[in-house]
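# Structural characterization, general
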Amino acid sequence: RNNLYCTASRIGYYINEGVPVVVPDYPYIGGLVKEANIGICAKSCDAQDIAKAIHEVSKTPREIWERNFQRARKMYNWQSESIILLDALHLALEHS
């Protein structure tokens, strides 16, 4: 399934705006949210698990989220991501 290994582009908008997210614990998006600590991964897509995750987000002090988003903005931006993309393109061109 595509949604298991992709991330919604709007995650970048949430990072820029400092809005904590609740996402399913899928491999890519769950890993990103955990690594950057920008939200909570729901154990499943069940309404109770989502409600618990929302409750966890609301219990976390705003100052903590703000610090996490400041770090995330440094990690996930076009300048830093472009380096990864360009390295991959150069590698692909070397092997073509």
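So, a few notes on the structure that sits alongside this text. (Residues numbered from 1 in each chain as written. Predicted model: local features only at pLDDT ≥ 70, side-chain atom pairs only at ≥ 80, totals over all residues. Heavy atoms only, no water.)

Moving on, we come to the overall build of the protein. A tally of regular secondary structure across the protein gives six helices and two strands. Shown N-terminal to C-terminal, the secondary structure of the protein runs as helices and strands in the order α-α-β-α-β-α-α-α. Principal axes of the C-alpha set define a box for the protein whose edges measure 50 × 30 × 15 Å. Within the protein, the fraction of its 96 residues that count as buried is 24%. Sequence-distant contacts, at least 24 apart, represent 40% of the contacts inside the protein between residues at least 6 apart. As displayed, the protein offers around 6,900 Å² of accessible surface, 58% of which is attributable to carbon and sulfur atoms. For the protein, the separation between the mean place of its 11 positive charges and that of its 11 negative charges on side chains is 6 Å. (Helix = DSSP H or I, 4+ residues; strand = E, 2+ residues; numbered from the N terminus. Buried < 20%, exposed > 50% of the residue type's maximum accessible area, 1.4 Å probe, protein only. Contact = heavy atoms within 4.5 Å. Areas by Shrake-Rupley, 256 points an atom, 1.4 Å probe, with all protein chains shown as cover. Lys, Arg positive; Asp, Glu negative; His and termini not counted. Charge placed at Lys NZ, Arg CZ, Asp CG, Glu CD.)

On to the packing of aromatic side chains. Applying the stated criterion to the full structure yields one aromatic pair. Geometrically, the ring pair formed by Trp65 and Phe69 is tilted, given 6.5 Å between the ring centres and 45° between the ring planes. With Trp65 and Phe69 both in helix H5 (residues 62–75), this residue pair falls four residues apart, about one helical turn. Here Trp65 matches Phe69 in class, with each residue buried. (Phe/Tyr/Trp six-rings, centres within 6.5 Å; stacked < 30°, edge-to-face > 60°.)

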